[in-house]
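Each chain is listed here by its residues.
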Amino acid sequence: METVKTNYLGSLRTEAEHVASGTKIITDAPADNHGKGEYFSPTDLLAASYSSCVLTIIGVAAQNHGFNIDGAEAKTKKIMGTDPRRVVELQVDYTFPHNNYNDKERKIIELAVKQCPVANSLDPALKITKTITYKD
């Protein structure tokens, strides 16, 4: 069975349905590429997939080691390139809430950032710039 079913809606929009849950996402071409930019663009979803994946992997590691990252946040900036048009860089600022993370927990977080399956599936030429901030 497929994971995602995507339909073209016209006007440079698609609707992607997560088959197992029925959840739907509409995409729109960005305003700088003939679209209205009223929804996530496909490349926005790539950026969101990356940051969501990293936070999920960190959440799994935290859960396995008995601490939590509830309230953690990732702010992701997507940089586009041309010739061919593509994402050339993701700049991600991770902020973790005031949880008095000890040195071991911070090390677990920093190692987990590098274990994202989405990142491991992307072309190594994609530059990913990361910063981690702990609110203490």
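Going along each chain's sequence as written, the residues are numbered from 1 onward. Per-residue local features of the predicted model are confined to residues with pLDDT of at least 70, and side-chain atom pairs are confined, for both listing and counting, to 80 or more; whole-chain, interface and lining totals are unaffected and use all residues. Processing note: side-chain calculations cover all non-hydrogen atoms of the structure and skip hydrogens and water entirely.

Visitor: Account for the packing of helix H1 (residues 42-64) against helix H2 (residues 103-112), naming residues and giving values.
Guide: Lines fitted to C-alpha atoms define the axes, with helix axes restricted to the stretch in contact, and inter-axis angles between N-to-C directions lie between 0 and 180 degrees. Numbering goes from the N terminus for both helices and strands, where a helix is a DSSP run of H or I of at least four residues and a strand is a run of E of at least two. Where H1 meets H2, the axes come as close as 9 Å, and the angle between the chain directions of the two elements is 145°. Here H1 runs over H2; the crossing is right-handed. Counting all contacts with H1, which are made through Ile-57, Ile-58 and Ala-61, the residues of H2 involved are Ile-108, Ile-109 and Ala-112. Residues are grouped as follows: Ala, Val, Leu, Ile, Met, Phe, Trp, Tyr, Cys and Pro are nonpolar; Asp, Glu, Lys and Arg are charged; all remaining types, including Gly, are polar. Each residue belonging to the contact of H1 with H2 can be placed in one class, and the counts come to six nonpolar, no polar and no charged. Helix crossings get a hand from a simple test, with the near helix turned counterclockwise from the far one by less than a right angle marking a left-handed crossing and a clockwise turn marking a right-handed one. Contacts are residue-level and defined by heavy atoms, with any inter-residue pair within 4.5 Å sufficient.

Visitor: An account of the side chain of Ser-41 is needed here, citing residue identities and associated values.
Guide: The residue Ser-41 is located in the loop between strand S3 (24-28) and H1 in this model. Within the local environment of Ser-41, its side chain forms a polar contact with the side chain of Thr-43, the two groups lying 3.1 Å apart. Those residues in contact with Ser-41 that sit more than four places away from it in its chain are Asp-28, Pro-30 and Lys-78. Polar contact criterion, stated in full: a pair of N or O atoms within 3.5 Å, where within protein one must be able to donate a hydrogen and the other to accept it, and residues adjacent in sequence count only if both atoms are side-chain atoms.

Visitor: I'd like a rundown of the nonpolar core, residues and numbers included.
Guide: In these notes, a set of buried Ala, Val, Leu, Ile, Met, Phe, Trp, Tyr and Cys residues joined through side-chain atoms within 4.5 Å is what counts as a nonpolar core. To sort residues, take the accessible area from a 1.4 Å probe on protein chains only and compare it with the maximum for the residue type: under 20% means buried, over 50% means exposed, and anything in between is partly exposed. In this structure, Ile-58, Ile-69, Phe-96 and Ile-109 are the most contacted members of the largest nonpolar core, which totals 22 residues. Broken down by secondary-structure element, the contributors of at least two residues to this core are H1, strand S5 (86-96) and H2. When residues of this core are assigned to their parent elements, the largest contribution, seven residues, is made by H1. Beyond its immediate sequence surroundings of up to four residues, Ile-58 is in contact with Ile-69, Phe-96, Ile-109, Ala-112 and Val-113.

Visitor: For the packing of aromatic side chains, give the residues involved together with the corresponding values.
Guide: Only Phe, Tyr and Trp rings are paired, with Trp represented by its six-membered ring, and only when their centres lie within 6.5 Å; those with planes under 30 degrees apart are stacked, over 60 edge-to-face, the remainder tilted. Under the counting rule described, the total for this entry stands at four aromatic pairs. Where Phe-96 meets Tyr-101, the ring centres are 6.3 Å apart and the plane angle is 90°; that geometry is what we call edge-to-face. Aromatic ring contacts, followed pair by pair, group Phe-67, Phe-96, Tyr-101 and Tyr-134 into a single cluster. Criterion for a charge above a ring: Arg CZ or Lys NZ at most 6 Å from the ring centre, at most 35 degrees from the ring normal. Taking the ring centre of Tyr-134 as reference, the NZ or CZ of Arg-106 above it sits at 4.1 Å.

Visitor: Requested: an account of the sheet that holds strand S6 (residues 127-134), with residues and values cited.
Guide: Strands sit in the order S4-S5-S6 across an open sheet of three strands; the sheet is mixed. Every interior strand has two partners, whereas the edge strands, strand S4 (73-81) and S6, have only one. Within the sheet, the average angular offset between the axes of one strand and its neighbour, ignoring direction, is 10°. As defined by bridge partners, S4 adjoins S5 across nine bridges and the pair is classed as antiparallel. Within the sheet, the bridge partner assigned to Gly-81 lies in S5 and is Arg-86. Lying on the sheet, H1 is in contact with S4, S5 and S6; it crosses S5 at an angle near 35°. Note on pairing: two strands pair once DSSP finds at least 2 bridges between them.

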